[in-house]
Structures are given as structure tokens and as C-alpha cells.
Amino acid sequence: MGHLTARDAYKNLEERINWFTQGAPPSDTLYKILQVLYTEKEAKWAALLPVRPFTLKRAAKIWGTTEAKAEKLLDHLCEKALLVDSEYHGQRQFVMPPPMAGFIEFALMRTRGDIDQKYLSTLYYQYMNVEEDFIKDLFFATETRLGRVFVQEPVLSTDKTNHILDYERATHIVEEAKYIGLGTCYCRHKMYHAGHPCEIDAPWDVCLTFDNVARSLAEHGGYARLISKEEAKDALERSYESNLVQIGENVREHPAFICNCCGCCCEALQAARHFSPMQPVATTNYIPQIHMDKCIGCGKCAKACPILAISMQQKTDADTEHGLNKKKYPLIDTEICLGCGVCARNCPSGAIELKRRPVQVITPVNSTHRFVLQAIEKGTLQNLIFDNQAFANHRAMAAVFGTILKLPPLKQALASRQFKSIYLDRLLSMQKKNKA
């Protein structure tokens, strides 16, 4: 690889990153970001790694080096949060995290002196808040969203609490996690350095990661610190008090993260504001309903809404006839409302109640389910099955195929066309016969 120029190294890495279902559109700004995060040597080596989890032995073979030397470099990449490691059946595995939620955020989840975080933040701001191609691709390229909103449990009435599903509760995610990590909020950290500090002065130490991601970030480089379930619930409570929205990975089982987001800094909530009525994340299964007989027209709900989905309307003569005897009253845009419950928490008269949405929001079961759905919708399913360097191992292929077999017929047909696999066609045909 010695003949590669620096630009070649980073270009190859950029292409490797874009083998993810979630990629990063090329630009001069992205090139500069990769230069900050990776040395030229690291970029050359990382560009050769598989997208899916791989072993030390596999990395050594790809790099053409000894396992001892490969492990040293892999550990170094973990220390920079450019790789995440885990243990599977007693064997250590590594994986390249996607851009987001992944290596882009990890770089600012703690204060560090090995990179210029202020310079990196200005690059991030340019790439995401000015150029916007990355944000559009991240949040709107697929029907299946990367993230989903959690409802603020404290605002639900007792009868609603009895009907909330386990996976809809942030507290349930906390209780189920083996490891919980607490880190610095990447969004507010970035915006602070970029010269756009948080408008509501929200807390920074509320970024939650779970299980292998939390353990790896804590053990390598201190990007998170492992905390107890009680501390995690305290972080949620502090976030509720600051009117932050809980956005986690869009899966029912074992999400990797829950962010506590403000409307002024969070890319997802900013996208909800700028690209309305398109929704960048999956909503909760709740929608606020205003009881006008209790509403005092104070406007606190509109001020607190993180995506500006509530506006205060001037009353008309017709409104007066219907008993609206206040100067203004709130109007909720239910087409863009996330159902987070921040408005209900801020209503001093208890006029806002969360109701179940008439149509249930469908959430993927796990990360594999989400990856496959997004890959089918984006036309990149083959990237999940194969890498440039090698075919997938049987276990990884079985996980993907198993997920495809559980999809609706239309999604299965799309998957079959994209993959063009005789094996997959036979599996789908056999499944159809078994259902007949």
C-alpha cells in the first residue's frame, strides 16, 4: 500500500464507509473530517476492513501481518473509537461503527487533546448544518428510520401507563441493559465549539449507550463511563426536567443508544424543523390532545415544543362562540408531532393529554432487522451480504436471510431482485409453499 497517495487513502476509506447502509456523501469537508479522525496509515488499514463484525485472525489475514501486530493496531483504533469490540462465544470481535450513531459522535463524547475538537466541530457543522447532504441521506433516504422517539413516561396518566409497551419505555431499556455508558452529548459539544451554544443550557452529561457499545467506549479511551441503572434513570430525569427529547436506536430489542436531545443542537430535531412535514425519526405511539376547557392560553407548550409543532393562534369570533375566551390558543400540527410529551409536561393547567395514535407505529425487532429493511429500501442489500474483500460467513448470511424471510411479500420481492440469489429465491419459494 506504500504507493498510495494520502488522497487515495482517504478516498478508499470514504468508499469503505459508504458500503454501510448508512453512508456519508463525499465532499471536501468529509475528506477534512477523515483527516482529523484518521492518520493516513490508519485510513489505509481501515479501508480494507469488513463492514460486518470480524475477528483478529480475519484482520491479520486481510492486512497480511501477524496477529500480534494486527491486535496492536486494532486496539489503537478502539482507543480512538474508530472501532468497537465485543465478545462472541468467547472470541473477540471488532466492527467499524457507522458514521452516525457512530464514529462521528464518538469523537466528541469526551474532551480529548489528541485532535483539535474545535476545528473538528466546525467541520461537522459545515458538513451537516450547511451542506446538508449527509443529513438528508441519514434521515430521509429510507422509509425505515435510524432513530425513534421515546415518550416521556412521567406525563402519562395511570391508565395510559398500563397500556404502554415495554420497548416504548426508556426505563425498560435501562433495566434490560447489561452495560450502560454515560458520555458527553456530542450535539451540544459540537455546537458549543462551532459558536452556536445550546439555547436552553441543557446538560451535557446525558448521552446513554448500552451493552457492547457502552463497554467498548468505556474500556477504550474513556468515551463513556459505566454507570448503574439508578444513575441512568437519573440522567433521564434530568433530561425530562430540561425538556429534552429521548431518541434511541429504532429497534425493539437492545438499542445501542438513547440520546437526550434539544431542538437547537440535535441534528434529528433540526431536520424535523427544517424539512417539515417530513419526519426524520419514528414517532412515539402517542399524540397530544388539548382540552380547551382547561387551557389558559399561556403558550408554554408552544415555547417548549422542540420541533415547533405547536403554534399559538389568535382567536376569532367563531372561537368565542365555541367557548375559547382567551386571547390565543394552541394548535398542534399532528402531521409533524413526535409525540414526545414535552408539551404535556409544561402545561400548568393539565390541559394536554397524550392519547394513543389511531395507527400503530411499527418498530424493527433488532439491529439486523433494521439494517435489512434500510438496505432493501436503499437498494444496497448486496452490501450487507458481501464485502469487496470476501464473502460473508454463514452465520452473518443466515442472520440476514432469516430477517428477509420474516418480511412482507413486497419487501421480500425487492430483496430478491436486489440480491439476485438463486439461494434466496429458493428460500422464499419454500416459505411460500409452506404457508400454502
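See the structure above.
Fair warning: this is a prediction, and the values are worked out from it, not measured in the lab.

Peer 1: Explain the overall build of the protein to me, and be specific about the residues and the numbers.
Peer 2: A count of helices and strands for the protein gives 22 helices and 13 strands. Once local pairs closer than 6 in sequence are excluded, the contacts in the protein between residues at least 24 apart make up 72%. A total of about 20100 Å² of accessible surface is found on the protein, and carbon and sulfur atoms cover 53% of it.

Peer 1: Tell me about the packing of helix α7 (residues 117-131) against helix α11 (residues 186-193), and name the residues and values.
Peer 2: For the pair α7 and α11, the least separation of the axes is 8 Å and the interaxial angle reads 105°. Comparing the axis directions of α7 and α11 gives the class roughly perpendicular. Between α7 and α11, the residues in contact are Gln 117, Lys 118, Ser 121, Thr 122, Tyr 124, Tyr 125, Met 128 and Asn 129 and Tyr 186, His 189, Lys 190, Met 191 and His 193, respectively. A per-class count over the contact of α7 with α11 returns five nonpolar, six polar and two charged.

Peer 1: Tell me about the layout of surface pockets, and name the residues and values.
Peer 2: If you add up the space inside the second largest pocket, you get close to 610 Å³. Together, 23 residues line the second largest pocket, and Thr 144, Ile 362, Thr 363, Pro 364 and Leu 373 are the ones closest to its centre. Only α18 (367-378) and α20 (394-405) provide two or more residues apiece to the lining of the second largest pocket. Here the element with the most residues in the lining of the second largest pocket is α18; it accounts for three residues.

Peer 1: Run through the packing of aromatic side chains, naming residues and quoting values.
Peer 2: Under the defined criterion, the tally for this structure stands at eight aromatic pairs. Between the aromatic rings of Trp 45 and Trp 63, the centroid separation amounts to 5.3 Å while the plane-to-plane angle is 65°, which identifies the pairing as edge-to-face. Taken together, the positions of Trp 45 in helix α3 (residues 40-46) and Trp 63 in helix α4 (residues 56-63) put the pair 18 residues apart, joining distant regions of the chain. Accessibility expressed as a relative area gives 19% for Trp 45, which makes it buried. With relative accessibility at 7%, the residue Trp 63 sits in the buried group. Here Phe 54 and Phe 94 contribute two aromatic rings whose centre-to-centre distance is 6.0 Å and whose plane-to-plane angle is 25°, an arrangement assigned as stacked. Here Phe 54 is found in strand β1 (residues 54-55), whereas its partner Phe 94 is found in strand β3 (residues 91-95), with 40 residues between them in sequence.

Peer 1: Which residues make up the sheet that holds strand β8 (residues 245-249), and what are the values?
Peer 2: What the six strands build is an open sheet, ordered β4-β8-β9-β6-β5-β7; its pairing is antiparallel. Both outer strands of the open sheet, β4 (147-150) and β7 (225-226), are each paired with one neighbouring strand and no more.

What counts as what
- Residues numbered from 1 in each chain as written.
- Predicted model: local features only at pLDDT ≥ 70, side-chain atom pairs only at ≥ 80, totals over all residues.
- Heavy atoms only, no water.
- Helix = DSSP H or I, 4+ residues; strand = E, 2+ residues; numbered from the N terminus.
- Contact = heavy atoms within 4.5 Å.
- Areas by Shrake-Rupley, 256 points an atom, 1.4 Å probe, with all protein chains shown as cover.
- Axes fitted to C-alpha atoms, helices over the stretch in contact; angles between N-to-C directions.
- Parallel < 35°, antiparallel > 145°, perpendicular 65-115°, else oblique.
- Nonpolar A, V, L, I, M, F, W, Y, C, P; charged D, E, K, R; others polar.
- 1 Å grid on protein atoms, 1.4 Å probe; cavity = no way out; pocket = protein on both sides within 12 Å on 5 of 7 lines; lining within 4 Å.
- Points joined across faces, edges and corners; volume = space filled by probe spheres on them.
- Phe/Tyr/Trp six-rings, centres within 6.5 Å; stacked < 30°, edge-to-face > 60°.
- Buried < 20%, exposed > 50% of the residue type's maximum accessible area, 1.4 Å probe, protein only.
- Pairing = 2+ DSSP bridges.

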